[in-house]
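Residues per chain, in single letters:
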Amino acid sequence: MRLLGATILLSLLDVLQAFAIEKKGDVFKKTACPAFLVFENVAYLADMTFELPCKCKPEEASSVVWYFQKNLHSHKTTVLTDFNGTVIVDSKQVRAGSDLLKRFSIRLFSLIVFRAQVRDSGHYLCGTKEGLFFYGYDVDVQPTKKITVAFLDKDQHVQEDHKEKEFTLFTTFWDWTRCDRCGVRGEQRRIGLCYVQSAQLKPRYRTALPNVSSCGSRAVPKPFGRLIRLRSPEVAVRSCLAPCQQKEAPAEGVQSISNVVYKLGEKPQLPRVPIQYHNQPPKTDLVISCPGARPEHAVAWDKGSVRLYRAHYLVGVRKHMRLFIDHGNHLHLQRLRRRDKATYFCWREGELVAGFQLTVTFEPRRQRSPSDPESIFVMRAVGISFAVIVGIFFLIHLSHCRKSRCCFSAPLSSQGAP
């Protein structure tokens, strides 16, 4: 019966996948490809994951090939496919900073890039392996290194619009995230990306609003680049308070057993969330990621019962921080010490989801015996050094004695002369 059920389930999955592909095909029938290839402008923050759908293709094309060009008409082009449209990457194993060819996946003609980096900015084209292009994107991945942070609870304000004669710089904010904790004081973030408004933008790039494009877009004329680089993306942070969702109560039998154990004083202390155990040597660096979290999610960290609020622990708030949270929601511990030993809890979208019990391990000192290779090497080096020093001492003393005898022999020989 289990085998029959598994077979039926797999058949249903195949039917649903075929239905999704057929529905996608209907969309392609309704959407005509442009006669002149233009590039749709999209912007993201570094370390985010983005998806680029191939919005149009010929009906006879059963698979697509994605191409990446840093600059338009460049001779260096990266092919992002295995020419079958079946490239699949496990997002959990993607590392930040790795090559683009190890951070992408193609699913139902759409390109997914995991943990995008600034160097991933450029042109992405959907086409065939013969070099026919259907649709294009102008992707702008904005950096987080020089991001501007405004803590609204401290009466800090976001950046004002910057107006020049030929263009205007402003920030477009996303919606506020959910409160990153529940039942206690939490924080909310609002990500803002840099945009420019100008009548001199290149017409080959299509934007959501007329004459408006992201600051890193190739639609922006090169003479504007120096001034535009002076403005960075920004993040606004404010406090919040949200109630916790009520969880389902245990069954009546389990509850009664728990009450009996509690009355006997032997109630086991089970962790509220799954706990991971990690040993780390001292004076090393450690980065902890919250399971299932992305940079755009609401993520919070606790060290035991101490709340690590971004107002005090966000990277760049203070100088020489060993413990801080970056803009990708990762917790950093640098130059580990003994007092860093604790259990670190992770909140995701207002719910406590995981714990990391960190132990800083110190190697015990080992008593060396005279027969150890290290001991023999040290004794030999010390012996050779001692012999060299003694030899130099005797040579200096001997030369000094010879000079003294010559000095005393000269006057004696002159007194004995007739």
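Looking at an unreviewed UniProt entry, one finds the protein chain named Family with sequence similarity 187 member A, with Junco hyemalis as its source organism. Taken directly from UniProt, the Subcellular location (unreviewed entry) text for the protein chain runs: "Membrane".

Tallying secondary structure elements over the protein chain gives five helices and 23 strands in all. Here the protein chain holds 418 residues, and 37% of them are scored as buried. When contacts within the protein chain are restricted to residue pairs at least 6 apart in sequence, those whose partners lie at least 24 apart make up 64%. With an accessible surface of roughly 27,400 Å², the protein chain has 58% of that area assigned to carbon and sulfur atoms.

Most of strand 22 (residues 342-348) is tucked away: five of the seven residues are buried. The turn joining strand 22 and strand 23 (residues 351-360), which pair antiparallel and follow one another in sequence, is formed by two residues; a positive phi near 55 degrees is taken by Glu349.

Residues annotated in UniProt with the feature "transmembrane region" (unreviewed entry) correspond here to residues 377-396. Measuring from the first to the last C-alpha atom of residues 377-396 gives 29 Å, for a span that is 100% helix and 0% strand.

Here Glu164 shows up in the loop between strand 10 (162-163) and strand 11 (168-173). Among the residues examined, Glu164 registers a relative accessible area of 34% and is labelled partly exposed. Sequence separation between Glu164 and Leu227 is 63 residues; the distance between their C-alpha atoms is 9.4 Å.

Moving on to the side chain of Arg310. If you trace the backbone, Arg310 turns up in helix 4 (residues 310-313). A relative accessible area of 3% places Arg310 in the buried class. Not counting residues up to four positions away in its chain, the partners in contact with Arg310 are Phe151, Asp180, Glu187, Arg189, Val299, Val317, Ile325 and Asn329.

This brings us to empty space enclosed by the protein. To find the voids left in a structure, one rolls a probe of water-molecule size over its atoms. Evaluation of the coordinates by the stated rule reveals one cavity of 30 Å³ or more. As a volume, the largest cavity reaches approximately 40 Å³. Around the largest cavity, the lining residues are Thr177, Asp180, Glu187, Gln188, Arg189, Ala298, Val299 and Arg310. A per-element tally of the lining of the largest cavity places strand 12 (residues 185-197) first, with three residues.

Moving on, we get to the sheet that holds strand 2 (residues 50-52). Pairing is antiparallel across the open sheet formed by three strands, whose spatial order is 2-6-5. Of all strands in the sheet, those with a lone pairing partner are strand 2 and strand 5 (104-107), marking the two edges. Mean inter-strand twist for the sheet, computed between neighbouring axes without regard to direction, equals 20 degrees. In this structure, strand 2 lies alongside strand 6 (residues 110-113), joined through three bridges in antiparallel fashion. By the bridge assignment, Leu52 is partnered in strand 6 with Leu111.

Within a beta sheet, neighbouring strands are joined by backbone hydrogen bonds and run either parallel or antiparallel to one another. Reading across from one edge, 17-21-20 is the order of the three strands in this open sheet, with antiparallel pairing throughout. Across the chains shown, the open sheet's two edge strands, defined by having one partner strand only, are strand 17 (286-288) and strand 20 (323-325). If you compare each strand with its neighbour and ignore which way they point, the axes differ by 20 degrees on average. Pairing geometry for strand 17 and strand 21 (residues 331-333), over three bridges, is antiparallel. Of the residues in strand 21, the one forming a bridge with Leu286 is Leu333.

Before going further, it helps to examine the nonpolar core. If you look at the biggest cluster of nonpolar residues, it comprises 25 residues, and the most contacted ones within it are Phe50, Leu52, Trp66, Leu111, Tyr124 and Val139. Every element with two or more residues in this core is listed here: strand 1 (39-45), strand 2, strand 3 (65-69), strand 5, strand 6, strand 7 (122-127) and strand 8 (133-142). In terms of residues, this core owes the most to one element, strand 8, which gives five residues. Apart from the residues lying within four places of it in its own chain, the contact partners of Tyr124 are Phe50, Leu52, Trp66, Tyr67, Phe68, Leu80, Leu100, Leu111, Tyr135, Gly136, Tyr137 and Val139.

Glancing now at the packing of aromatic side chains. Under the criterion given, the structure shown has 11 aromatic pairs. Taking the centre distance of 6.1 Å and the plane angle of 80 degrees together, the rings of Phe50 and Tyr124 count as edge-to-face. Here Phe50 is found in strand 2, whereas its partner Tyr124 is found in strand 7, with 74 residues between them in sequence. The buried category is assigned to Phe50, whose relative accessible area is 2%. Taking relative accessible area as the criterion, Tyr124 reaches 0% and is therefore assigned buried. Between Phe167 and Phe224, the aromatic rings sit 4.7 Å apart at their centres with planes inclined by 40 degrees, giving tilted as the arrangement. Separated by 57 residues along the polypeptide, Phe167 in the loop between strand 10 and strand 11 and Phe224 in the loop between strand 14 (212-214) and helix 2 (225-228) bring together distant segments of the chain. The burial state of Phe167 is the same as that of Phe224; both residues are buried.

Let's shift gears to the confidence of the model for the protein chain. Chain-level pLDDT for the protein chain is 81 on average; 77% of the residues reach the 70-or-more range. In the predicted structure, residues 18-28 sits below a pLDDT of 50 and forms 10 contacts with residues beyond four places in sequence or in another chain. This model gives residues 412-418 a pLDDT under 50, and the stretch forms zero contacts once residues within four places in sequence are excluded.

Conventions used here
Residues numbered from 1 in each chain as written. Predicted model: local features only at pLDDT ≥ 70, side-chain atom pairs only at ≥ 80, totals over all residues. Heavy atoms only, no water. UniProt positions renumbered as here; feature names shortened; annotations may be inferred. Helix = DSSP H or I, 4+ residues; strand = E, 2+ residues; numbered from the N terminus. Buried < 20%, exposed > 50% of the residue type's maximum accessible area, 1.4 Å probe, protein only. Contact = heavy atoms within 4.5 Å. Areas by Shrake-Rupley, 256 points an atom, 1.4 Å probe, with all protein chains shown as cover. Pairing = 2+ DSSP bridges. 1 Å grid on protein atoms, 1.4 Å probe; cavity = no way out; pocket = protein on both sides within 12 Å on 5 of 7 lines; lining within 4 Å. Points joined across faces, edges and corners; volume = space filled by probe spheres on them. Axes fitted to C-alpha atoms, helices over the stretch in contact; angles between N-to-C directions. Core = buried A, V, L, I, M, F, W, Y, C linked by side-chain atoms within 4.5 Å. Phe/Tyr/Trp six-rings, centres within 6.5 Å; stacked < 30°, edge-to-face > 60°. pLDDT = per-residue confidence, 0-100.

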